[in-house]
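Notes for the structure review
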Amino acid sequence: MVNYIKESYNELTKHVSWPEMGEAQKLTVIVAVFSVILALVVFGVDQVFSSVIEQYFNWIKS
């Protein structure tokens, strides 16, 4: 287990190319914006399906 941690640390510090801070911040904002947009789309679809199902059951009851 200790060897795995040492190798992982070595891999992260010496072999991974990390983006510059500015690029990382820009990409973080892009991911956050698309996450909010996707959440709003899912919310909208959920509201539409909920409304359709409610109308269907009201139609069936009457």
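Scroll up to find the structure this text is about.
Residues numbered from 1 in each chain as written. Predicted model: local features only at pLDDT ≥ 70, side-chain atom pairs only at ≥ 80, totals over all residues. Heavy atoms only, no water.

1. A word on the overall build of the protein chain
Going by this rule: A run of H or I in DSSP counts as a helix once it spans at least four residues, and a run of E counts as a strand once it spans at least two, with each numbered from the N terminus. Only C-alpha atoms enter the radius of gyration, while the globule expectation follows 2.2 Å times N to the 0.38, with N the number of residues. Surface exposure here means Shrake-Rupley accessible area, sampled with a 1.4 Å probe, where a residue is shielded only by the protein chains that are shown. In summary, the charge assignment counts Lys and Arg as positive and Asp and Glu as negative, without counting His or the chain termini. All charge positions are set by atom: Lys at NZ, Arg at CZ, Asp at CG, Glu at CD.
From N to C terminus, the protein chain includes two helices and zero strands. Whereas a compact globule of 62 residues would reach a radius of gyration of roughly 11 Å, the protein chain reaches 24 Å, over 25% beyond that. Here the protein chain has roughly 6,100 Å² of accessible surface; of this, 69% comes from carbon and sulfur atoms. Here the protein chain contributes 4 positively and 6 negatively charged side chains, and the mean placements of these two sets differ by 5 Å.

2. Re the environment of Pro19
Put simply, the rule reads: Working definition: with a 1.4 Å probe on protein chains only, accessible area under 20% of the residue-type maximum means buried, over 50% means exposed, and in between means partly exposed.
Tracing the chain through its elements places Pro19 in the loop between α1 (2-14) and α2 (21-61). Pro19 sits in the partly exposed class, given a relative accessible area of 43%. For the pair Pro19 and Glu54, spaced 35 residues apart in sequence, the C-alpha separation works out to 49 Å.

Functional significance is not addressed by these values, which are geometric in nature.
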